[in-house]
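Single-letter residue listing:
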Amino acid sequence: MDKPTHLIEYETMLLGRYRHVDRSAYTLLSRLRMEGPMSIGQLSDAFCLDVSTLNRQTTALLRDGLVERIPDPEGGMARKFRLTAAGERHLDEEHARNIRGLEKVLAEWSPEDVAAFAAYLKRFNTDVERLGGRPWPRPERSRTS
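Analysis parameters
Residues numbered from 1 in each chain as written. Predicted model: local features only at pLDDT ≥ 70, side-chain atom pairs only at ≥ 80, totals over all residues. Heavy atoms only, no water. Helix = DSSP H or I, 4+ residues; strand = E, 2+ residues; numbered from the N terminus. Buried < 20%, exposed > 50% of the residue type's maximum accessible area, 1.4 Å probe, protein only. Areas by Shrake-Rupley, 256 points an atom, 1.4 Å probe, with all protein chains shown as cover. Lys, Arg positive; Asp, Glu negative; His and termini not counted. Charge placed at Lys NZ, Arg CZ, Asp CG, Glu CD. Polar contact = N/O pair within 3.5 Å; in protein donor to acceptor, adjacent residues only side chain to side chain. Core = buried A, V, L, I, M, F, W, Y, C linked by side-chain atoms within 4.5 Å. Contact = heavy atoms within 4.5 Å. Expected span 1.5 Å × (residues − 1). Arc of directions from axis to C-beta. Salt bridge = Lys/Arg side-chain N within 4 Å of Asp/Glu carboxyl O.

Undergrad: Explain the overall build of the protein to me, please; I cannot follow it from the model alone.
TA: Per the secondary structure count, the protein includes six helices and two strands. The helix and strand sequence of the protein, counted from the amino end, reads α-α-α-α-β-β-α-α. Projected onto its principal axes, the C-alpha positions of the protein cover 50 × 35 × 30 Å. A buried classification covers 26% of the 145 residues belonging to the protein. Counting only carbon and sulfur atoms, one obtains 56% of the accessible surface of the protein, whose full area is about 10,600 Å². Within the protein, the 22 negative side-chain charges are centred at a point lying 3 Å from the centre of the 23 positive side-chain charges.

Below, the structure written as structure tokens:
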């Protein structure tokens, strides 16, 4: 392929160095906010991760009081994980911190450039999701913080 995809790989790798909290925790909490309560099996399907990996991650979230286990609201056998009030606050704080950081980085960018960059990122992510067969839920409208 004649496209400079190696440049994208390198730049996406560099993005990981700016996370303030565990990326898996932020992603799990975000998914639970979007989807509502989910079982370990549903999380495994959504993230394409081994149940043992998710057990470790959810144990840490339980220990920190960010999620709780509840009976399935629809009457199923599997217990589900739900965000706690502390988990909601934690997610809101991390989201706001991320937005502030992005606003600093993008301070010199025009609104049109920011919108174009967001559109390319969305296109990239939705293509990854399409190829993996696991679409990620997106808010119906943009959140503002």
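Undergrad: Would you take a moment to explain the environment of Arg 33 for this structure?
TA: Relative to the assigned elements, Arg 33 resides in helix α2 (residues 23-35). With a relative accessible area of 24%, Arg 33 lands in the partly exposed category. Placed 49 residues apart in sequence, Arg 33 and Arg 82 show a C-alpha to C-alpha distance of 8.2 Å. Here the side chain of Arg 33 touches Glu 88 through a polar contact of 2.6 Å, side chain to side chain.

Undergrad: I would appreciate a short explanation of the nonpolar core in the present structure.
TA: The tendency in soluble globular proteins is for nonpolar side chains to be buried side by side. Judged by nonpolar contacts, the single largest core of 17 residues is most densely connected at Leu 29, Leu 32, Leu 43, Leu 61 and Val 67. By residue number, the principal contributor to this core is α2, which donates five residues. In this view, Leu 29 contacts Leu 61, Leu 66, Val 67, Leu 83, His 90 and Leu 91; residues no more than four positions away in its chain are not counted.

Undergrad: Help me understand helix α4 (residues 51-63) in this model?
TA: An α-helix turns once every 3.6 residues. As a result, residues three or four positions apart point the same way. Along its 13 residues, α4 runs 18 Å from first to last C-alpha, staying within 8% of the 18 Å computed at 1.5 Å per residue. When α4 is considered as a whole, its buried residues turn out to be Leu 54, Gln 57, Thr 58 and Leu 61. For α4, the buried positions fall inside an angular range of 95° around the axis, keeping them on one side. For α4, the exposed residues set more than 90 degrees away from the buried face come down to Arg 56 and Arg 63. The inward-facing, buried residues of α4 abut α2, α3 (40-47), β1 (67-70) and β2 (80-83).

Undergrad: Explain the pattern of salt bridges to me, please; I cannot follow it from the model alone.
TA: Where side chains of opposite charge bring their charged atoms close, a pairing between them can arise. Within the structure shown, the criterion is met by nine salt bridges. Here Arg 33 ties to Asp 92 by a salt bridge, and the two come within 2.7 Å at their closest N and O atoms. Of this pair, Arg 33 sits in helix α2 while Asp 92 sits in helix α5 (residues 85-105), placing them 59 residues apart in sequence. For Asp 64, the salt bridge identified is with Arg 63, shortest N-O distance 3.7 Å.

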